[in-house]
Amino acid sequence: MRRENEKGRANPMAMSAEERQQMLLTQPVEKIIPKMALPTICSMLITSIYNMADTYFVSQIGTAEATASGTSASAAVGIVFSVMAMIQALAFMFGMGSGTNVSHLLGMGKRKEAEVYSAVGFFSAVAAGVLIAVLGNVFNEPLMRLLGATETAMPYALDYARYIFLAAPFMMGSLSMNNLLRFQGLATYGMVGIISGGLLNMLLDPLLIFVFNMGIAGASIATAISQLTSFVILLVMCSTHADAITIHPRNYRPTKQMYAKILNNGLPSLGRQGIMSVSTSLLNNAAAVYGDPAIAAFATKGAINSFTKALAKELAPSSIQVNAISCGIIDTKMNAHLTKEDINALCDEIPCGRIGTPYDVAKAVFSLIKTSDYLTGQIITLDGGWTV
């Protein structure tokens, strides 16, 4: 018998795949959304903390007599932040693009096809990361100049960016797996992997920067090691937990139609996340004429702003936007003539896992948009055909 909490509801971590699917198919949607959202909130905040930790510890480089080195190093972190933002945006594109299709296919009971989409999304993200790692290190200096590096900040930016580029495959792989686990109803597994890497990064930053005297390169290496750790933890979870879809190379069988569906669902996320990278690089170039202190100031503000924005966007009660609701067939008089066979045939064609009622739809809409005056573009997909 599975463990239950003090309110008598099942603990999601102790549920089997069948029990979790039944929860997603039968429980009221307004109760499911908070369960699924909390681990996602934690993952988003930890992702923001990576940049905050690096900014803080890097700013301590130098002495009271030579504060310029700390200022230039902080400016370098701000310059490379736009690269990290773009890497994250691409990872979210593959993760959310494939994850949406995975969720729909699981709701239809088509696990094998979901495994293919999962493998295509993951391996495509890692391949894109490898390409970024190679091209980023080959064109490191001209890219840093394009992103706004000054002559004094350039040495620090090159050192910091070198290992960030090398970590790109692991960063994209871990973020895509985090999204894939979310869309399977296993957001807690993704949270564990992301938080483990974030905490490790905060521990390694002062150790490598000051104890081993590696400077800004130490901060970059700490981030790379932390991303690798998250990658390994998430990959182990996907490979060893029976209730998670196993990511295996044999399932990597992409088609043009699959990539079209992945891009159709993932490009909005790329645009939403990618615009932050573009705006940061433009701001750095505008600030460069005032020197490293201006870039460093914007880097510090940006790190804090990214954290508080993520917190507000994920936690504020007015931060949910309904993008779409796909709850399947609605049980009304209009389809009263349909037989059970007719409904089953429709369910095979439409990504739905249960027959909805008008009351189901009303509750879902009301619970999500009653305070949604602040639009975030957040997408929540629940197995069983609910996409909100």
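What you see is a predicted model; the values in this text were computed from it and never measured.

## A closer look at the confidence of the model for the protein
Per-residue confidence for the protein gives a mean pLDDT of 77; residues scoring 70 or more make up 65%. Throughout residues 1-9 the model reports pLDDT below 50, and contacts reaching past four residues in sequence, or to other chains, amount to 11 contacts. Taken as a whole, residues 351-355 scores under 50 in pLDDT and shows 28 contacts with residues more than four places along the chain or in a different chain.

## Quick word on the nonpolar core
Judged by nonpolar contacts, the single largest core of 69 residues is most densely connected at V58, I87, M144, Y160, M172 and I216. If you tally residues by element for this core, the top one is helix α3 (residues 67-107), at 16 residues.

## Digging into helix α6 (residues 154-166)
An α-helix turns once per 3.6 residues; consequently, residues spaced three or four apart project the same way. In a regular helix each residue adds 1.5 Å, so 13 residues correspond to 18 Å; α6 covers 18 Å between its end C-alpha atoms and thus fits that length. Every buried residue belonging to α6 is among M154, A157, L158, Y160, A161, I164 and F165, and all of these are buried.

## Some points on a nonpolar patch on the surface
On the surface, a nonpolar cluster with roughly 550 Å² of combined accessible area is contributed by V130, L131, V134, L135, V138 and F139. Note on placement: V134 falls in helix α4 (residues 111-138).

## Notes on the pattern of salt bridges
Under the criterion given, the structure shown has four salt bridges. With its nearest N and O atoms 3.1 Å apart, the salt bridge here joins E141 to R145. Of this pair, E141 and R145 both sit in helix α5 (residues 140-146), four residues apart, which is roughly one turn of that helix. Taken together, the shared-partner salt bridges in this structure form one network comprising E141, R145 and E151.

About the thresholds
Residues numbered from 1 in each chain as written. Predicted model: local features only at pLDDT ≥ 70, side-chain atom pairs only at ≥ 80, totals over all residues. Heavy atoms only, no water. pLDDT = per-residue confidence, 0-100. Contact = heavy atoms within 4.5 Å. Core = buried A, V, L, I, M, F, W, Y, C linked by side-chain atoms within 4.5 Å. Buried < 20%, exposed > 50% of the residue type's maximum accessible area, 1.4 Å probe, protein only. Helix = DSSP H or I, 4+ residues; strand = E, 2+ residues; numbered from the N terminus. Expected span 1.5 Å × (residues − 1). Patch = residues over 30% accessible without salt bridge, like charges linked within 9 Å, V, L, I, M, F, W, Y side chains within 5 Å. Areas by Shrake-Rupley, 256 points an atom, 1.4 Å probe, with all protein chains shown as cover. Salt bridge = Lys/Arg side-chain N within 4 Å of Asp/Glu carboxyl O.

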